Amino acid sequence: MEIGIDSFAAILPDPKTGRLPSPSDRMAELIEEVVVADRVGLDVFGIGEHHRGEFLDSAPTVILAAAASRTSRIRLTSAVTVLSAADPVRVFQEFATLDLISKGRAELVVGRGSFVEAYPLFGLDTRHYDELFAEKLDLFLKLGEATDITWEGRFRPPLKGQGVFPRPHQLRLPVWIGAGGSPESFARAGALGLPLMVAIIGGNFERFRPLVDLYREAGQRAGHDPQNLKVGVHAMGFVGETDLAAKDAFFPGWAHLTTKIGRERGWSPPTRQQFEIMTGPDGAFLVGDPKAVAAKMLRASETLGGLSRITFQMSTASLETAAMKQSIELLGTEVASIIRAAR
């Protein structure tokens, strides 16, 4: 099982003073987090894509390229690229360039996005939410197969044999499909034979098993080798020396962001009790000491029929810079050691 970290480059106010840190300082800290992850042997670091004031990740490939220049082995991915709201040609060029800079360490998770700000920002209609993604994914995958493309769709001007450059360092850029809870997304990924990254940011792991089974069944019906139908999980996670230390570092930022987003979506404000349930044995948060987190990861893998990757969403603890770096170190050393010994 590969282990990694996903970041949305969250910029959060200090809970005591209400002041925001400098965006430049926050970005510098984020790059340092990737450097630490590389040093301690984690497998992958992902940067999300949002177009909101509380996140600094609207241009993820720029952040990943900066991280590539400071690292040597860790794979660098999006988490996720909102492909529906982007030009697939430009996305391909950006990640191919990242792949050249990193000497073959770039990959993507592509999806439709759980936030919709990108659609009006770039002049797109959310009524075409599904159709945009299906068409742009089709083009993006074709770009990986050939340099000169002839293609026509509904939402983008046609390509009539133009060359798309540069080409990546790898023979093909690895592409994962990001999915939340839509059965159509799971079935699409399986039918295409692409690896699946499931965002599980609440509830429990068990409720996603039918959807993961749907993915694997769709893949096998389409004739894909079951060994190639990889499943990853993106989960809320944080590691501390003790369970309490991990929870206390993670909770304030999580509560702040969840309250803000929940206010927009009509949710009730989160409570510490709810958080404790999510970090408990049956919840989907991977927050605690190394042994507890590793044990929960192994149970999640068993529950979902075998996982190829788990990535930790740690952004809400970004104010605790020392705790963040310690968490990354514990994840790359102690947690990873337990997971590898259990193989």
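All values reported here derive from a predicted model rather than from experimental measurement.

Draft legend 1. Examining the packing of aromatic side chains more closely. In the structure shown here, the tally under the stated rule is 10 aromatic pairs. Between the aromatic rings of W254 and F285, the centroid separation amounts to 5.6 Å while the plane-to-plane angle is 80 degrees, which identifies the pairing as edge-to-face. Taken as a pair, W254 in helix α8 (residues 243-265) and F285 in the loop between α9 (272-279) and β11 (286-288) lie far apart in primary sequence, 31 residues in all. In terms of burial, W254 and F285 fall into one category: buried. Within the aromatic cluster, the residues linked to one another by ring pairs are F238, F250, F251, W254, F275 and F285. Over the aromatic face of F115 sits the side chain of R265, whose NZ or CZ is 4.8 Å from the ring centroid. A cation over a ring is seen here: R272 above F251, with NZ or CZ 5.0 Å from the ring centre.

Draft legend 2. The arrangement of the nonpolar core in detail. Of all hydrophobic cores here, the largest spans 91 residues; its most connected members are L42, F45, F186, F238, M297, F312 and L331. Broken down by element, the residue count for this core peaks at 8 residues, all from helix α11 (residues 321-341).

Draft legend 3. Region of interest: the pairing of strand β8 (residues 175-179). Across the 5 residues of β8, 5 count as buried, placing the element largely inside the fold. Burial of the side chains of β8 extends over both faces: V175, I177 and A179 are buried on one face and W176 and G178 on the other. Judged from the 3 bridges that link them, strand β5 (residues 106-111) and β8 form a sheet pairing that is parallel. Bridge pairing in β8 places L108 opposite V175. Relative to strand β9 (residues 196-200), β8 runs parallel, the two being bridged by 3 bridges. Across the sheet, the residue bridging to I177 is L196, located in β9.

Draft legend 4. Summary view of the side chain of T279. As for its placement among the helices and strands, T279 is situated in helix α9. We classify T279 as buried; its relative accessible area is 9%. Residues in contact with T279, not counting those within four places in the same chain, are K247, F285, V287 and K296.

Draft legend 5. Quick peek at the packing of α8 against α9. Look at α8 against α9: their axes get within 11 Å of each other, and the N-to-C directions meet at 125 degrees. In terms of orientation, α8 and α9 fall into the oblique class. Between α8 and α9 lies a crossing of right-handed hand. Side by side, α8 and α9 meet where L244, K247, D248, F250, F251 and W254 of the first sit next to R272, F275, E276 and T279 of the second. In the contact of α8 with α9, the residues fall into 5 nonpolar, 1 polar and 4 charged.

Draft legend 6. Expanded view of the pairing of strand β6 (residues 148-151). Side-chain alternation along β6 places I149 and W151 on a buried face and D148 and T150 on a face that remains uncovered. With 4 bridges joining them, β6 and strand β7 (residues 159-163) adopt antiparallel strand pairing. Paired with W151 across the strands is L159, a residue of β7.

Draft legend 7. Structural detail: the pattern of salt bridges. All chains considered together, the criterion is met by 20 salt bridges. Here R112 ties to D130 by a salt bridge, and the two come within 2.1 Å at their closest N and O atoms. In this pair, R112 is assigned in the loop between β5 and α4 (118-121) and D130 in helix α5 (residues 129-143), connecting sequence segments 18 residues apart. The salt bridge involving D125 is made with R127; its shortest N-O contact spans 2.7 Å. By relative accessible area, D125 is classed as partly exposed at 26%. Judged by its relative accessible area of 69%, R127 is exposed. Here the residues in one salt-bridge network are R52, E54, E117, K260 and E264, joined through shared partners.

Here is what the cut-offs are and how they apply
- Residues numbered from 1 in each chain as written.
- Predicted model: local features only at pLDDT ≥ 70, side-chain atom pairs only at ≥ 80, totals over all residues.
- Heavy atoms only, no water.
- Phe/Tyr/Trp six-rings, centres within 6.5 Å; stacked < 30°, edge-to-face > 60°.
- Helix = DSSP H or I, 4+ residues; strand = E, 2+ residues; numbered from the N terminus.
- Buried < 20%, exposed > 50% of the residue type's maximum accessible area, 1.4 Å probe, protein only.
- Lys NZ or Arg CZ within 6 Å of the ring centre and 35° of its normal.
- Core = buried A, V, L, I, M, F, W, Y, C linked by side-chain atoms within 4.5 Å.
- Pairing = 2+ DSSP bridges.
- Contact = heavy atoms within 4.5 Å.
- Axes fitted to C-alpha atoms, helices over the stretch in contact; angles between N-to-C directions.
- Parallel < 35°, antiparallel > 145°, perpendicular 65-115°, else oblique.
- Left-handed = near helix turned anticlockwise from the far one by under 90°.
- Nonpolar A, V, L, I, M, F, W, Y, C, P; charged D, E, K, R; others polar.
- Salt bridge = Lys/Arg side-chain N within 4 Å of Asp/Glu carboxyl O.

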